[in-house]
Amino acid sequence: ANPLPGSLQGLPNLRLIQSLWAGVDRLLNDPTLPDVPVARMVDPAMSAAMAETALWATLSLHRRFYAYAQQQHAREWQQLPQRRADELQVTLLGTGQMGRACAMRLLALGYRVTGWNLRGGTLEGLPLEHGMDALWPLLARSDIVINLLPLTAQTSELLDQRFFNALRPGAGLVNLARGGHLVEADLLRALASAQVSHAVLDVFRNEPLPSDHPFWSHPQVTVLPHVAAATDMRSAARIVVQNLRALRDAQPLSDLVERSRGY
Ligand code: NAP
């Protein structure tokens with residue numbers, strides 16, 4: 001799934017690298033990676049799990065459930081204003097296997113959802129924007145932003161001060177993709193100024209998150225230990241077998257990574 005750099009060297013008969021993870025950034029960043037096809041894990045069971053996490057985070061931000069959890073801790077009884085789902089703009093960065101699954105379920109709950117991707121195109125029922133020029137006005141009208149981009153040279157550290165300044169004030173951030181997308185110090189500043197009201201973070205630059213990291217005890221940060229969408233070995237094994245059979249029978253392989261593109 002996530003082998004140490006260098007560990008796939010020196011295998012003269014290697015013909016395919018089949019990742020058990022959807023994200024292949026660490027594999028592709030290995031300068032010694034052999035020149036054979038790399039396939040990543042594309043599994044509807046994993047996308048469904050990701051959608052569950054995205055729904056939980058969106059509902060919790062929208063309905064202030066993180067704030068109520070804090071109020072309970074403080075034995076405080078205070079009813080906060082309630083908004084309708086169709087009053088909230090949820091923006092999905094990345095409309096790949098994960099982003100699409102999340103978008104469809106969020107639309108079903110009545111949110112206003114827009115996807116942002118690299119190449120544009122159309123997805124049934126989902127308004128799409130693409131490219132950097134479209135990002136800034138989209139952020140300005142976003143109440144919740146969910147990051148499901150792959151980590152590439154273009155997307156690394158996208159979630160920085162400029163990004164947070166472009167958001168609608170008080171927006172919620174959900175990072176379910178990779179820790180390398182986020183400039184942590186910039187998020188802490190955006191939380192302090194209330195430009196970002198709350199962040200749900202599943203992935204971090206250093207995992208496990210060091211025990212002295214400020215995110216652990218930050219009242220406006222919810223930390224998950226990289227569990228947004230674990231590989232389900234039962235369904236993943238079937239997908240691996242299909243690709244191995246295709247390789248054996250000289251048939252087209254599924255879910256190959258475009259190395260030059262980085263995802
Ligand atoms: P994917 O299917 O490859 O989709 C990637 C999406 O990002 C595509 O829509 C692509 O645009 C878009 N994109 C790529 N580069 C872009 C750029 N420079 N600007 C704008 N859009 C860009 O990826 P996925 O399988 O959905 O995975 C998404 C993320 O989830 C990855 O970072 C992966 O590592 C992470 N993940 C996390 C967990 C977890 O447990 N936390 C589990 C699984 C995966 P186009 O559609 O135009 O190509």
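In what follows, the structure referred to is the one given above.
Treat the numbers as computed from the prediction; the structure is a model and nothing was measured.

### Notes on the site of the ligand
Then step 1. Close to the ligand lie 28 residues; Arg40, Arg119, Leu149, Asp202 and Tyr263 are nearest.
Then step 2. Gly96 has a polar backbone atom sitting 3.2 Å from an oxygen atom of the ligand.
Then step 3. Here an oxygen atom of the ligand and a side-chain polar atom of Arg178 are 3.1 Å apart.
Then step 4. Relative to its unbound accessible surface of 940 Å², the ligand loses 93% to contact with the protein.
Then step 5. Within the residue set of the shell around the ligand, elements represented by two or more residues are helix 2 (44-62), helix 4 (97-108) and strand 4 (112-117).

### Overview of the pattern of salt bridges
Then step 1. Applying the stated rule across the entire model yields 10 salt bridges.
Then step 2. Two residues, Arg84 and Asp86, come together in a salt bridge whose shortest N-O distance is 2.9 Å.
Then step 3. A salt bridge links Asp186 to Arg189; the nearest nitrogen and oxygen atoms lie 2.6 Å apart. One end of the pair is Asp186 and the other is Arg189, both in helix 7 (residues 184-192) and three residues apart, which spans about a single turn.
Then step 4. According to the relative accessible area criterion, Arg189 is partly exposed, its value standing at 48%.
Then step 5. The network of salt bridges with common partners includes Arg83, Asp143 and Arg168.

### Describing the sheet that holds strand 6 (residues 144-147)
Then step 1. Sheet architecture is open: seven strands sit in the order 5-4-3-6-7-8-9, paired in parallel fashion. The sheet terminates laterally at strand 5 (128-130) and strand 9 (221-223), the two strands that pair on one side only. The sheet shows a mean angle of 15 degrees between the axes of neighbouring strands, taken without regard to direction.
Then step 2. As judged from the five bridges shared by strand 3 (residues 89-93) and strand 4, these two strands associate in the parallel manner. Note that in strand 4 the partner of Thr91 across the bridge is Thr114.
Then step 3. Along the sheet, helix 4 contacts strand 3, strand 4 and strand 6; its crossing angle with strand 3, the most-contacted strand, is approximately 170 degrees.

### Considerations on the packing of aromatic side chains
Within a pair of aromatic rings, the relevant descriptors are the distance that separates the centres and the angle that separates the planes.
Then step 1. Within this structure, the stated rule accounts for three aromatic pairs.
Then step 2. Between Trp56 and Tyr66, the ring centres sit 5.7 Å apart and the planes meet at 90 degrees, which makes this aromatic pair edge-to-face. With Trp56 in helix 2 and Tyr66 in helix 3 (residues 65-73), the pair connects residues that are 10 residues apart, well separated along the chain.
Then step 3. On the basis of relative accessibility, which here comes to 12%, the residue Tyr66 falls in the buried class.
Then step 4. For the ring pair Phe204 and Phe215, a centre distance of 6.2 Å and an interplane angle of 50 degrees mean the geometry is tilted. One end of the pair, Phe204, is in the loop between strand 8 (196-201) and strand 9; the other, Phe215, is in the loop between strand 8 and strand 9, and 11 residues separate them in sequence. For the pair Phe204 and Phe215, one class covers both residues: buried.

### Side note on the pairing of strand 6
Then step 1. Burial of strand 6 is two-sided: the residues Ile144 and Ile146 facing one way and the residues Val145 and Asn147 facing the other way are all buried.
Then step 2. Where strand 3 and strand 6 come together, four bridges link them in parallel fashion. Directly across from Thr91, in strand 6, lies its bridge partner Val145.
Then step 3. Pairing geometry for strand 6 and strand 7 (residues 171-175), over four bridges, is parallel. Among the inter-strand pairings, Ile146 is bridged to a residue of strand 7, identified as Val174.
Then step 4. Of the crossover connections in this fold, the one passing from strand 6 over helix 6 (residues 161-166) to the parallel strand 7 is right-handed.

### Remarks on a nonpolar patch on the surface
Then step 1. Taken together, the side chains of Leu59, Phe65 and Leu109 define a hydrophobic patch exposed on the protein surface, amounting to about 250 Å² of accessible area.
Then step 2. Tracing the backbone through its elements, the reader meets Phe65 in helix 3.

Procedures and definitions
Residues numbered from 1 in each chain as written. Predicted model: local features only at pLDDT ≥ 70, side-chain atom pairs only at ≥ 80, totals over all residues. Heavy atoms only, no water. Near = heavy atom within 4 Å. Polar contact = N/O pair within 3.5 Å; in protein donor to acceptor, adjacent residues only side chain to side chain. Areas by Shrake-Rupley, 256 points an atom, 1.4 Å probe, with all protein chains shown as cover. Helix = DSSP H or I, 4+ residues; strand = E, 2+ residues; numbered from the N terminus. Salt bridge = Lys/Arg side-chain N within 4 Å of Asp/Glu carboxyl O. Buried < 20%, exposed > 50% of the residue type's maximum accessible area, 1.4 Å probe, protein only. Pairing = 2+ DSSP bridges. Axes fitted to C-alpha atoms, helices over the stretch in contact; angles between N-to-C directions. Contact = heavy atoms within 4.5 Å. Phe/Tyr/Trp six-rings, centres within 6.5 Å; stacked < 30°, edge-to-face > 60°. Right-handed = clockwise from strand over helix to strand, strands pointing away. Patch = residues over 30% accessible without salt bridge, like charges linked within 9 Å, V, L, I, M, F, W, Y side chains within 5 Å.

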